[in-house]
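# Topology and contacts: notes
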Amino acid sequence: MRKRWKLLVVLAAVVLVGALLASGLRGGTTYYFTVDEALAREATKPGQRFRIAGKVVPGSIDWQPNQFRLAFSVEDEGGQVPVVYQGARPDNFTDGGDVVVEGRFQGAAFQAETLLVQCPSKYEPAPEGHPTSAGTEAGERP
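Thresholds, definitions, all that
Residues numbered from 1 in each chain as written. Predicted model: local features only at pLDDT ≥ 70, side-chain atom pairs only at ≥ 80, totals over all residues. Heavy atoms only, no water. Helix = DSSP H or I, 4+ residues; strand = E, 2+ residues; numbered from the N terminus. Buried < 20%, exposed > 50% of the residue type's maximum accessible area, 1.4 Å probe, protein only. Contact = heavy atoms within 4.5 Å. Areas by Shrake-Rupley, 256 points an atom, 1.4 Å probe, with all protein chains shown as cover. Salt bridge = Lys/Arg side-chain N within 4 Å of Asp/Glu carboxyl O. Lys, Arg positive; Asp, Glu negative; His and termini not counted. Core = buried A, V, L, I, M, F, W, Y, C linked by side-chain atoms within 4.5 Å. pLDDT = per-residue confidence, 0-100. Pairing = 2+ DSSP bridges.

## Regarding the overall build of the chain
Broken down by element type, the chain carries 2 helices and 7 strands. Along the chain, helices (α) and strands (β) appear in the sequence α-β-α-β-β-β-β-β-β when read from the amino end. In the chain, which comprises 142 residues, the proportion classed as buried is 25%. Contacts in the chain between residues at least 24 apart in sequence constitute 45% of all its contacts with a sequence separation of at least 6. Taken as a whole, the chain presents about 10,200 Å² of accessible surface, with 57% of it coming from carbon and sulfur.

Listed below in structure tokens is the structure:
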């Protein structure tokens, strides 16, 4: 009888942990959408939270440092979406840079709660004579 009771307790604990994991993963999953997918999704299911990945449209950045308000547009092959982000401007946020914004549409603009700037995938060598370039000894200053 004791073995059966222990087995039931262990089984119930496993089921409970599995249910908690499943509900946590389901609620925390946010997919990336292209601009056209995001616009289509907003048309069919308005007000949902999701992510949009794209490039910052050159010349669209409007940074208001006194209000910590950053407005810009994100684009890809599917079009453009105006984005408004309330918060500090990331240091590496530039025209044409790859970004991921997470939030929801409010009217025609996407209200971003999170702004992620993707790092460039390629690194270029330091210019000749730069302290980190080949030929400069460690600790030596140019």
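Right, picking up where we left off after that structure.
## A short note on unusual backbone geometry
One non-glycine residue, F68, adopts positive backbone phi at about 50°. Residue placement: F68 occurs in the loop between β3 (62-64) and β4 (69-76). Using a relative accessible area of 46% as the deciding quantity, one classes F68 as partly exposed.

## Quick look at the pattern of salt bridges
This structure, assessed with the given rule, holds 5 salt bridges. Note that E102 is salt-bridged to R49, the shortest N-O span being 2.9 Å. With E102 in strand β6 (residues 98-106) and R49 in the loop between α2 (35-44) and β2 (50-56), the pair connects residues that are 53 residues apart, well separated along the chain. E102 sits in the buried class, given a relative accessible area of 10%. Put simply, E113 and R49 hold a salt bridge, and the shortest N to O gap is 1.9 Å. Taken as a pair, E113 in strand β7 (residues 109-117) and R49 in the loop between α2 and β2 lie far apart in primary sequence, 64 residues in all.

## Considerations on the side chain of E42
Relative to the helices and strands, E42 resides in helix α2. Summary of buried charges: E42 has no salt-bridge partner, and the nearest side chain of opposite charge, R104, is 7.6 Å away. In this structure, E42 is in contact with G47, Q48, F50 and F105, ignoring residues within four places of it in sequence.

## What to know about the nonpolar core
Ranked by internal contacts, the top residues of the largest apolar core, which has 19 residues, are I52, F72, V101, F110 and L115. Discounting residues that sit within four places of it in the chain, F110 has contacts with F50, I52, V81, P82, V83, V84, V101, E102, G103, R104 and F105.

## Some words on the confidence of the model for the chain
Confidence along the chain averages 82 in pLDDT terms, with 79% of residues attaining 70 or more. Note that pLDDT drops below 50 for residues 132-142; the model gives that stretch 9 contacts with residues more than four away or on any other chain.

## Here's the deal with the environment of A71
Within the secondary structure, A71 is located in strand β4. As for A71 and I61, which are separated by 10 residues in sequence, their C-alpha atoms are 5.9 Å apart. Residues in contact with A71, not counting those within four places in the same chain, are S60, I61, D62, V83 and V84.

## Topic: the pairing of β6
As paired strands, β2 and β6 are joined by 6 bridges and run antiparallel to one another. Counterpart to I52 in the pairing with β6 is V101. In the sheet, β6 pairs with β7 via 8 bridges, with the strands oriented antiparallel. Across the sheet, residue V101 finds its bridge partner in β7, namely L115.

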